Amino acid sequence: MVKSPKHENRLIDKACEVKYIFLVLVSITFILGGCGTPKPQVVVKEKSLPSWYTNPPLSNATELYALGEGRDKKEAIAEALSYMASTLSLSISSNYSAKTEVREGRINSSDGVYKSDITSQVQALRISSYEVLNAESLGFKHYAVLIKSNKEKLFKSMLHELDQKFKLIKSAQNSLKNASALDKLFFYKTQKKNLQTLPNTLIVMNVLNPSFEGDEYIRKTQGISTAYQDIVQNISFSIFSNDLATNLKSAIAKGISEKRLKIKMSKGAMDFSIYVSNNIEKAQAYGFWLARSEITIKTKDYRGVIVGSNTLQIIGQSSQSFAIAKQNVAFKFNTLIEKEGIFKVLGLDI
């Protein structure tokens, strides 16, 4: 029997269909079999924490201990130092009670405010004497350290820094013997500001070393304060001006008086002269009167030496008259003194 071409084609198509079905069944079996196979689990062994981290030593009468954590060793040490300062401030708060607080000659019986000031002082304390006992990475971006500071060593480092500070002050005082009163005023004003936290520093040092008494440093600080007050009480200024700057003198006098300095005509090593001049140009623009002023200020000592100077460009304006525009210059000049301060306007480094 002879098969027709058409019949053969049907057989071929049938065979291809069977083959396709077989391949699909094999693929499904493989996929299902793969899904059924359990995947191996990766077990990460939990890292045990070191004993110094879980049970750190406590601070005692001679040593301060602190833990710190961070993304790296440097950050962890910084946190540990901050915590150590906090521990020290708590020790001070529990061992010290201020009965009175003196602020600019006034007495305030608030213990809480004073203790807060002490705590702030300790928090800002630079603990330079310490050692890292342990340091270890606890995981990804997680570092821990344990540090220790010996109280006696910390006390000695603070005492050394204090002695060095007063040694530098004494050296600077000796070099100021021939300086002007304004230079001396600036020096003592700066030192008073730098020594504002000294009482709290002495309290910290007393906690670290109960036998320490800071009377010597208190006396030195009082000497600086006395020297500053003597200059303030004896220094004086006299003010001169040209005709166009007459209305500026009152603003300068007001600014100086607010600094508790005297205005008087006198001659001597503690007396200074302020010369203020004003050069005004008249102009009009967009319906306004303009007073373009160039104000020059020079301060001289009793020998006639210029110790400070400044030049200001101020434009006064008015829609009514040039006279009012000139008044506006004086108003802006006064506002500038209130904003910037009299010494900056005068060009004095005080």
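Everything numeric here is computed off the predicted structure, so don't read it as measured data.

Draft legend 1. Representation of helix H8 (residues 215-234) in the model. Taking 1.5 Å as the rise per residue, H8 with 20 residues should run 28 Å; its terminal C-alpha atoms sit 29 Å apart, in good agreement. Every buried residue of H8 is listed here: Tyr217, Thr221, Ile224, Ala227, Tyr228, Ile231 and Val232. One side of H8 holds all its buried residues, which, seen down the axis, span an arc of 140°.

Draft legend 2. Summary view of the sheet that holds strand E10 (residues 306-318). The five strands are arranged E7-E6-E8-E9-E10 in an open sheet whose pairing can be described as mixed. In this open sheet, the two edge strands, each paired with only one partner strand, are strand E7 (262-263) and E10. Looking at chain direction, strand E6 (residues 236-241) and strand E8 (residues 271-285) are connected through six bridges and run parallel. Paired with Ser241 across the strands is Val276, a residue of E8. Packed on one face of the sheet, helix H9 (residues 249-257) meets E6, E7 and E8 and runs near 170° to E6.

Draft legend 3. Geometry of the environment of His142. Checked against the element boundaries, His142 lands in strand E5 (residues 142-150). Each residue touching His142, except ones within four places of it in the same chain, is listed here: Tyr53, Glu69, Gly70, Arg71, Glu136 and Ser137.

Draft legend 4. Seen up close, the side chain of Ser238. Mapped onto the fold, Ser238 is located in strand E6. With a relative accessible area of 4%, Ser238 lands in the buried category.

Draft legend 5. Spotlight on empty space enclosed by the protein. Going through the model one piece at a time under the given rule, you end up with one cavity of 30 Å³ or more. Reported here for the largest cavity is a volume of approximately 30 Å³. Considering the residues around the largest cavity, the lining is formed by Ala251, Lys254, Gly255, Glu258, Asn334, Ile337 and Glu338. Classifying every residue of the lining of the largest cavity by side-chain character gives two nonpolar, two polar and three charged.

Draft legend 6. The confidence of the model for the protein chain, seen in detail. Overall, the prediction assigns the protein chain a mean pLDDT of 81, with 76% of residues at 70 or greater. In this model residues 96-116 is a low-confidence stretch, pLDDT under 50, and it forms 25 contacts with partners more than four residues away in sequence or in other chains.

Draft legend 7. Structural context of the sheet that holds strand E4 (residues 131-139). Spatial ordering of the open sheet is given by E1-E5-E4, a layout of three strands whose pairing is antiparallel. At either end of the open sheet lies a strand with only one pairing partner, and these are strand E1 (63-70) and E4. This sheet shows a mean twist of 15° between the axes of neighbouring strands, independent of strand direction. Inspection of the sheet shows E4 paired to E5 by seven bridges, in the antiparallel sense. When the bridges of E5 are listed, Glu136 appears paired with Ala144. Packed on one face of the sheet, helix H5 (residues 151-175) meets E1 and E5 and runs near 75° to E5.

Draft legend 8. Focus on unusual backbone geometry. The backbone phi angle of Arg260 is positive, close to 65°, even though this residue is not glycine. Mapped onto the secondary structure, Arg260 falls in the loop between H9 and E7. Positive phi, normally seen in glycine, also occurs at Tyr286, with a value near 55°. With respect to the element layout, Tyr286 can be found in the loop between E8 and strand E9 (288-300).

Draft legend 9. Layout of the packing of helix H6 (residues 181-194) against H8. Where H6 contacts H8, the axes come no closer than 9 Å and their chain directions differ by 140°. The two elements H6 and H8 meet at a crossing, and its hand is left-handed. Along its contact with H6, which presents Ala181, Lys184, Leu185, Tyr188, Lys189, Gln191 and Lys192, the element H8 presents Ile224, Ser225, Ala227, Tyr228, Ile231 and Val232. Residues belonging to the contact of H6 with H8 are distributed by class as follows: eight nonpolar, two polar and three charged.

Draft legend 10. Just the environment of Ser137, in detail. Here Ser137 shows up in strand E4. Overall, Ser137 belongs to the partly exposed group, its relative accessible area being 34%. Sequence separation between Ser137 and Glu69 is 68 residues; the distance between their C-alpha atoms is 9.6 Å. Reaching out from Ser137, the side chain makes a polar contact with the backbone oxygen of Gly139 at a distance of 3.4 Å.

Draft legend 11. Seen up close, the pairing of E6. For E6 and E7, the ladder comprises two bridges, and the chain directions are parallel. Residue pairing in the sheet places Phe237 in a bridge with Ile263 of E7. Between the parallel elements E6 and E7, the chain passes through H9 in a crossover that is right-handed.

Calculation criteria
- Residues numbered from 1 in each chain as written.
- Predicted model: local features only at pLDDT ≥ 70, side-chain atom pairs only at ≥ 80, totals over all residues.
- Heavy atoms only, no water.
- Helix = DSSP H or I, 4+ residues; strand = E, 2+ residues; numbered from the N terminus.
- Expected span 1.5 Å × (residues − 1).
- Buried < 20%, exposed > 50% of the residue type's maximum accessible area, 1.4 Å probe, protein only.
- Arc of directions from axis to C-beta.
- Pairing = 2+ DSSP bridges.
- Contact = heavy atoms within 4.5 Å.
- Axes fitted to C-alpha atoms, helices over the stretch in contact; angles between N-to-C directions.
- 1 Å grid on protein atoms, 1.4 Å probe; cavity = no way out; pocket = protein on both sides within 12 Å on 5 of 7 lines; lining within 4 Å.
- Points joined across faces, edges and corners; volume = space filled by probe spheres on them.
- Nonpolar A, V, L, I, M, F, W, Y, C, P; charged D, E, K, R; others polar.
- pLDDT = per-residue confidence, 0-100.
- Left-handed = near helix turned anticlockwise from the far one by under 90°.
- Polar contact = N/O pair within 3.5 Å; in protein donor to acceptor, adjacent residues only side chain to side chain.
- Right-handed = clockwise from strand over helix to strand, strands pointing away.

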